[in-house]
Each structure stands twice: as structure tokens, then as C-alpha cells.
Amino acid sequence: MHEWALAEAIISSVIKVVEKEGLIEVKEVRIKVGELQQVDIDILEFALSELKTDKLKNARFVIETVKAELRCRACGHLWNFSQNKLDNGLKESVHFVPETIHAYIRCPKCGSPDFEILEGRGVLLESVKGVK
Amino acid sequence: MCCLRALKESNSPVDPRVNVIDKRLENVKRIVAVSSGKGGVGKSLIASTLALSLVKKGFTVGLFDADFTSPSIHRILGVKKLEIKEERGILPMQIHGLKYMSIVAFSGQKALPLRGVDVSNVLIELFSATLWGSLDYLVIDMPPGIGDATLDIIRLVKRIEFLIVCTPSLLAFETVEKLLTLLRELKVPVIGVIENMKMKQVFSIKDKVAGAGFPFLGEVPFDLDVENVLGDVEALFGTAFAKKLDEIVPRIIFSQSA
């Protein structure tokens, strides 16, 4: 599952923070998950719990889903990804590589493929709370 | 108890993907970016044939098409449908004895127009999620020039080495010279330069490459037969192009990067 790869990346990043800041225990990890990547939150949570290291054993993972907001560079139109209907095959492609939406969707107002992902692309590590 | 923003300096969230790239590549012995200043010099053919030649010599090899807006390796390898598998990450396709990954697994034959920031994101996504496993060589077919993809590869892949392709043209060499200068400035290892599509002795880059202090690996002839064997790997090996490149491959294997 791709969620496992993402979870591994999150854990690696938390460990980096732990080492850099000299934390002896992590209490809370806040993660933002972009709607565009359509991450299965249950699988992500399970993978995170399985990949926890000793210093993270009591850590709570708080996952916030962020709506994917797109803006057309050609006409300035703003819209949400949820307005676009993709079949399951295309959804899976976007799940693996969110930028592939440029192959599959167009600005609903002017039809341009030249749009930017303002928010809600993928997974971000927001904060790490712990004991020094 | 203290609360730390994930990235204190900018007070912005951290992209966790970049922190797992080293781990994904830890069992890859050499990572070779096949690059050039110009497009159309034969990078994809050199990268593909190099990877296949290394397989024939008994090495374990991965081939990554990093030219996301103009991928072409699937045509050279004769891949009809690039099918990847998931197993706690993305497993590359196994074909012709090598592991192969390309954006076409996700974009198919659709045009994929990407800005620089998108190219960076795709590169990070695929490097962080692809499970290459143990390899002797990972050969990367780069997009032309010194833009986002080149800068990101240098930033993200610490053990990257560059193999430069140039045609016998002043126009191509002018851009290659800039690429070589940049790589030297950034202290990025360069295996050497291959002169591709050699036609006649009107202009040779051999002396210019040597003069710049980089290894000149050899000349590969312009071979009209190559176009007729695209997609047929065995027939590709029968071309003068592949035979000449095969002679150069040991120089890459035993190279000491400049």
C-alpha cells in the first residue's frame, strides 16, 4: 500500500525532529493529509502505529484532512477537486502521483490544463509535540 | 513538554517524503543520471541501452524515466502497458531483466503538462515511494537542461553521478559545457561524456571535453537502423549503435568520476 510508504516517510521525519531537538519522548504528531492524494486514513493510521519506534510508543497521531483547492493560471478560476468526477482507475493514478491530474482534468471555466494546486496536495508533517 | 513546529525556520509544515529517499536508495550501489544540456541528443536511447547492457553483463539494474513531460523509454523497451504493483510502496515493473519505472504507469498516453514545481513533486513522490530494493545500478533518464529536475536530483540523491550525452554539434556542446561547469561547481561527480550520433569528422567534441578536464568515454555512430528496432530489445542489440555503446560500458563500470 502506498499509505505504508507515506507512513514510513512521516516516521522518518519525526525521528529527524526527535534527534535534532533532543526529545526523549514524543507525545503528539500532527499531520495534514491533502484530499487530492485520497489517502486511506485507516490504513495510514495502522501503518503509523506499526512503524512507531520506542520514543514514539506513546505518541498520538492527529490527522487532519485538507480540501484540495485548485486555481487556474490562465483565467484565475478557483475550484475544489471534489467537484471533479474521476473513475477509480484515474483516482488511483492521482493517489500515487497527484500531479497526474494535469493529464485528466481541466479548468471547469476555461478548459486550461495550466492550473496550480493551492492546497490539499499530499501529506505534510505539521508539528511534533514531545518531552525534552 | 514542548511543541515544535516541524520546520522551525520557516514555520511551515515539513514534506516528509524527502526524508525517506536515502532509505529507498540505500541498497543501490551506483546511481547514474544520463543527462545533457540539449534535448534530442539520444539520452533515452543511451540510458536504456546502457541499462540493458549492464543487465547482460550480469548486474542488477533499475531504469527510471525522469523525463515526466516527454517520457519515451517505454517505446524503446516495447512496453505496451506499464503495470506496477503495490507492496508498502510501489514496486517497479520487471522487464528484460531490469526494474523499470516511469510516470506513464500513471499518466498513460495522455499529455502531462507540468510546471517546475509539479516536476519537483513528481520526482520526490516517485523517489520516496518506489521500492528499488538491491541494485548494482540505477540508471536515470533525465530531461534536458539544468532546470528543476536536474537541480532536484542533485539535491535529493546524494550519491548521484552524471553521464553526459552530446552530439557532434557546437550548439549541443555549448549547452553541455554549461552543464559540466555547473556540475563541477556543485562538486557533483561526472563519469564522462559520450558523443552520440557521430556522422563525420566535421566537428569533434573529444578535444573540447578533454580540454575541460572531463573524461571522454567514446563515440557512438548515427545509426538509421535504430529507429526501425524501437520496441525490440534483441534487435536493438544488433545495431551498430548498441555494439559501439557496449564497448563504452566497461569504461562506465570502471570509471573514476571527475
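All values derive from a computational prediction rather than experimental measurement.

Draft legend 1. Structural context of the overall build of chain B. Scanning chain B from N- to C-terminus turns up 11 helices and 11 strands. Projected onto its principal axes, the C-alpha positions of chain B cover 70 × 40 × 35 Å. Per-residue burial for chain B yields a buried fraction of 48% across its 258 residues. Relative to all contacts within chain B whose residues are 6 or more apart in sequence, the contacts with residues 24 or more apart total 74%.

Draft legend 2. Inspection of the overall build of chain A at higher detail. Check the secondary structure of chain A and you find 4 helices and 6 strands. Each helix (α) and strand (β) of chain A, taken in turn from the N terminus, gives the series α-β-α-β-β-β-α-α-β-β. Principal-axis analysis of the C-alpha atoms gives chain A an extent of 55 × 30 × 15 Å. The contacts of chain A with a sequence gap of at least 6 include a subset with a gap of at least 24, amounting to 82%.

Draft legend 3. The interface of chain A and chain B, seen in detail. In this assembly, 34 residues from chain A lie in contact with 33 residues from chain B. For the side of chain A that touches chain B, the element with the highest residue contribution is helix α1 (residues 2-21) of chain A, accounting for 11 residues. A class-by-class count of the residues in the side of chain A that touches chain B yields 16 nonpolar, 8 polar and 10 charged.

Draft legend 4. Expanded view of the pairing of strand β2 (residues 60-66) of chain A. All names here are of chain A. Note: strand β1 (residues 25-34) against β2, 7 bridges, orientation parallel. Its bridge partner being in β2, Val 33 is matched across the sheet by Thr 65. In this fold, the crossover linking β1 to β2 by way of helix α2 (residues 41-51) has right-handed handedness.

Draft legend 5. Inspection of the environment of Lys 109 of chain A at higher detail. Residue and element names in this part refer to chain A. Along the chain, the position of Lys 109 falls in the loop between α4 (101-104) and β5 (115-119). A count of 13 C-beta atoms within 10 Å places Lys 109 in the partly exposed class. Put simply, Lys 109 and Gly 76 are 33 residues apart on the chain and 9.3 Å apart in space, counted from C-alpha to C-alpha. In this view, Lys 109 contacts Cys 72, Cys 75 and His 77; residues no more than four positions away in its chain are not counted.

Draft legend 6. Broad picture of helix α3 (residues 88-96) of chain A. Among the residues of α3 of chain A, Leu 90, Ser 93, Val 94 and Phe 96 of chain A are the ones counted as buried. In an axial view of α3 of chain A, the angular spread of the buried residues amounts to 160°, which keeps them on one side of the axis. Pointing more than 90 degrees away from the buried face of α3 of chain A are the exposed residues Asn 88 and Lys 91 of chain A. Looking at the buried residues of α3 of chain A, the elements they touch are α1 and α4 of chain A together with β5 (90-91) and α4 (104-107) of chain B.

Draft legend 7. Local environment of the sheet that holds strand β6 (residues 93-95) of chain B. Residue and element names in this part refer to chain B. The strand order across the open sheet built from 8 strands is β6-β7-β3-β8-β2-β9-β10-β11, with neighbouring strands paired in mixed fashion. Every other strand in the sheet has two partners, leaving β6 and β11 (216-221) as the edge strands with one partner each. Taking each pair of neighbouring strands and ignoring which way they run, the sheet shows an average axis angle of 25°. Against the sheet, helix α2 (residues 43-56) touches β2 (28-35), β3 (61-65), β7 (98-102), β8 (135-141), β9 (160-166) and β10 (190-198), its axis set at about 165° to β8.

Draft legend 8. A look at the sheet that holds strand β4 (residues 78-80) of chain A. Residue and element names in this part refer to chain A. The 3 strands lie next to each other as β4-β3-β5, forming an open sheet whose pairing is antiparallel. Both edges of this open sheet fall to β4 and β5, since each of them pairs with a single strand only. Averaged over neighbouring strand pairs, the angle between their axes works out to 30° when direction is ignored. By the bridge criterion, 4 bridges tie strand β3 (residues 69-72) to β5 in an arrangement that is antiparallel. Note on β5: the bridge partner recorded for Leu 70 is Ile 117.

Draft legend 9. Just unusual backbone geometry, in detail. Residue and element names in this part refer to chain B. Notably, Arg 88 is not glycine yet its phi reads approximately 55°, a positive angle. Among the secondary structure elements, Arg 88 is positioned in the loop between β4 (85-86) and β5. What makes Arg 88 partly exposed here is the crowd of 16 C-beta atoms within 10 Å. Non-glycine residue Met 197 carries a positive phi angle of around 60°. By the secondary structure assignment, Met 197 is in strand β10.

Draft legend 10. Summary view of the confidence of the model for chain B. All names here are of chain B. The predicted model of chain B averages 93 in pLDDT, with 95% of residues at 70 or higher. Scored below 50 in pLDDT, residues 6-10 shows 10 contacts in the model against residues more than four places distant or in partner chains. The ipTM assigned to the predicted complex is 0.94, against a pTM of 0.94.

Draft legend 11. Representation of α2 of chain A in the model. Residues and elements named next belong to chain A. Of the residues making up α2, those classed as buried are Leu 44, Ala 47 and Leu 48. Summarising the axial view, the buried residues of α2 lie within an arc of 100°, below the 170-degree limit, and thus occupy one face. Summarising the geometry of α2, the exposed residues directed more than 90 degrees from the buried face are Asp 42 and Glu 50.

The rules behind these values
Residues numbered from 1 in each chain as written. Chains lettered and ligands numbered in written order. Predicted model: local features only at pLDDT ≥ 70, side-chain atom pairs only at ≥ 80, totals over all residues. Helix = DSSP H or I, 4+ residues; strand = E, 2+ residues; numbered from the N terminus. Buried ≥ 20, exposed ≤ 12 C-beta atoms within 10 Å, placed from the backbone. Contact = placed C-beta atoms within 7 Å. Nonpolar A, V, L, I, M, F, W, Y, C, P; charged D, E, K, R; others polar. Pairing = 2+ DSSP bridges. Right-handed = clockwise from strand over helix to strand, strands pointing away. Arc of directions from axis to C-beta. Axes fitted to C-alpha atoms, helices over the stretch in contact; angles between N-to-C directions. pLDDT = per-residue confidence, 0-100.

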